[in-house]
Amino acid sequence: MLKKAAALSVVAGMLAITGFAQEDHPSGIPHLDHVFLIMMENHGYEQVIGNPNEPYLNSLIASGKVNLAANYFAVGHPSLTNYLEIVGGSNFGIRSDNAPDWGSTSCTPNIASKIVNADDGDGNAPVPVDTGTVCPISGTGTDAATPAVDTWNEVAGPFVALADIDGVKSVPAAPTVGKTIADQLDDAGKNWRSYQESLPLGSIYGVNYSNGTATNLTDFTTLAPLTSANVVQLYAVKHNPFAYFASIQEGTDRDSSLANVVGFDGQRGLYADLKSGDVPEFSFIVPNQCDDQHGRGNGDAFCAFDYGQNNSGYTYGTQVGLNPGLIQQGDTTIERLVKAIHASPAWEKGRSAIAIVWDENDYSGSTTLLTGLYPSQNQNRVVLTVDTNYGTHGAQSGTYYNSYSLLKSMEAGFGLRCLNHTCDSTVKVMTDLFVGGSDGGHNGN
């Protein structure tokens, strides 16, 4: 406890020096005992809503069993950036899907160096760029700006530009502390876990991808003729944002380390925890890349990438050209997860919420436009639903929200302070989604 108190004192001192507005406590949501956050991948609002191959999720919305954010936007691209923003309120200077520089003590975190970790495939970045592995995040500094329209990073295929948010709004670089909601919960004496499907057995230190058996660390000399190219990358570290932080990698705090990252199956897995009711306050739930609608090029037909993802003549941002099997695989996964949560003893205790969100619209590009005049299907708008065991349901909110709003809402429910961009005055708490009307209590305190 003394060590933790000393660490908090140091952080508080740094915040005072750099002017972070960390003292603010978001409000507007009743105390939450459990939040289950389910992360899905790479499809925009208009590709999910009304999709006949997404029957379960759409039935929840149509029947009024969940609340829907109809004007919710991911902030940037690619996946890792959005995952970091949802759990940490910042991109931490990372605008890539690059793997961690595991355990490095010689590199400088991007928030300190102000060098953006990005891919810069076109070689015309307007800022200093590092295209290598990601230095473990720690300390304080400044994150990377998010432009309204991106013409240099993550631009692929026929796209000449990508829309961040709605193609009009932008987020300036800002003072940043290298923390996430995991640190906040740990400091408050609360628990968290990152449930990642298809983890390998044993330690995940240094694991960037896995099919549940083989990983990037596997020695293939005894597996010939198999090679790493035969591995379907189901687990991906880019979808496990906590693994990018120095404190988590180092594991100096046993209550907030890689030990908090567990699989779906087995004694300590998600389904076992749900069955026993022994779940943490915050459950970050990430299906594998065949089950989250991301897809893999070497997967089966139900895991294959969308047919229209490449320059093949399909209409971008609509349901035309989607792989129906991939969409259905994701919908079935959502159904399995939601029903397991509803059947858990934890769902009957106190106030709980299930949030289902897509990380980004991977179709937010344009082949011609370099301005913010993007049609709705090419914006970075994605689906977010909220289900609670209290209050009323069936709300459809037209209020503008983004990834920072989701984090700020969870902080409000857990009684935590705002963190990084969740402290921005423009970031709203999702009261209409997490309350949806009068608070029915449902065994709440």
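Residues numbered from 1 in each chain as written. Predicted model: local features only at pLDDT ≥ 70, side-chain atom pairs only at ≥ 80, totals over all residues. Heavy atoms only, no water.

1. With respect to the pattern of salt bridges
A pair can form between side chains of opposite charge whenever their charged atoms are brought close.
Here's step 1: The full count for this structure, using the stated rule, is 6 salt bridges.
Here's step 2: Across the salt bridge formed by R95 and D150, the nearest N and O atoms sit 2.4 Å from each other. Here R95 is found in strand β4 (residues 94-95), whereas its partner D150 is found in strand β8 (residues 149-150), with 55 residues between them in sequence.
Here's step 3: Taking the relative accessible area as the measure of exposure, R95 reaches 5% and is therefore buried.
Here's step 4: Between D187 and K179 there is a salt bridge, and its shortest N-O distance comes to 3.5 Å.
Here's step 5: Exposure remark for D187: the relative accessible area of 30% places this residue in the partly exposed category. (Salt bridge = Lys/Arg side-chain N within 4 Å of Asp/Glu carboxyl O. Helix = DSSP H or I, 4+ residues; strand = E, 2+ residues; numbered from the N terminus. Buried < 20%, exposed > 50% of the residue type's maximum accessible area, 1.4 Å probe, protein only.)

2. Notes on the sheet that holds strand β2 (residues 67-69)
Here's step 1: The sheet built from 8 strands is open, its strands ordered β14-β11-β15-β1-β16-β18-β2-β19 with mixed pairing. Strands at the two margins of the open sheet, each flanked by one partner only, are β14 (261-262) and β19 (396-397).
Here's step 2: Sheet topology places strand β1 (residues 34-40) next to strand β16 (residues 352-358); 7 bridges connect them, and they run parallel. Each bridged residue has a counterpart across the sheet, and for M40 the counterpart in β16 is W358. (Pairing = 2+ DSSP bridges.)

3. Re helix α9 (residues 324-342)
Here's step 1: Between its first and last C-alpha, α9 extends 27 Å over 19 residues, near the 27 Å set by a 1.5 Å rise per residue.
Here's step 2: Elements in contact with the buried residues of α9: β1, α3 (55-62), α8 (270-276), β15 (282-286) and β16.
Here's step 3: Capping of α9 at its N-terminal end is provided by N323; its side-chain oxygen lies 3.0 Å from the backbone amide nitrogen of G325. (Expected span 1.5 Å × (residues − 1). Contact = heavy atoms within 4.5 Å. Polar contact = N/O pair within 3.5 Å; in protein donor to acceptor, adjacent residues only side chain to side chain.)

4. Quick word on the sheet that holds strand β5 (residues 116-118)
Here's step 1: The sheet built from 3 strands is open, its strands ordered β4-β5-β6 with parallel pairing. The open sheet has two free edges, formed respectively by β4 and β6 (129-130), since each of these has just one partner strand.
Here's step 2: Where β5 and β6 come together, 2 bridges link them in parallel fashion. By the bridge assignment for β6, N117 is matched with D130.

5. Considering the packing of aromatic side chains
Here's step 1: Scanning the model with the defined rule gives 8 aromatic pairs in all.
Here's step 2: Judged by centre distance (5.2 Å) and plane angle (90 degrees), the ring pair of F92 and F245 falls under edge-to-face. Of this pair, F92 sits in the loop between α4 (79-88) and β4 while F245 sits in the loop between β13 (235-236) and α7 (246-250), and the two are 153 residues apart along the sequence.
Here's step 3: Of the residues examined, F245 reaches a relative accessible area of 2% and is grouped as buried.
Here's step 4: Taking 5.4 Å as the distance between ring centres and 85 degrees as the angle between the ring planes, the aromatic pair formed by F242 and F284 counts as edge-to-face. Residue F242 is found in the loop between β13 and α7, and its partner F284 is found in strand β15; the two are separated by 42 residues along the sequence. Like F284, F242 is buried.
Here's step 5: Ring pairs connect the aromatic residues Y83, W192, F242, F282 and F284, which therefore count as one cluster.
Here's step 6: Across from the ring centre of Y400, 4.5 Å away, lies the NZ or CZ of K169, which sits over that ring.
Here's step 7: Positioned over the ring face of Y45 is R381, at 3.9 Å from the centre of the ring. (Phe/Tyr/Trp six-rings, centres within 6.5 Å; stacked < 30°, edge-to-face > 60°. Lys NZ or Arg CZ within 6 Å of the ring centre and 35° of its normal.)

These figures capture arrangement, not role.
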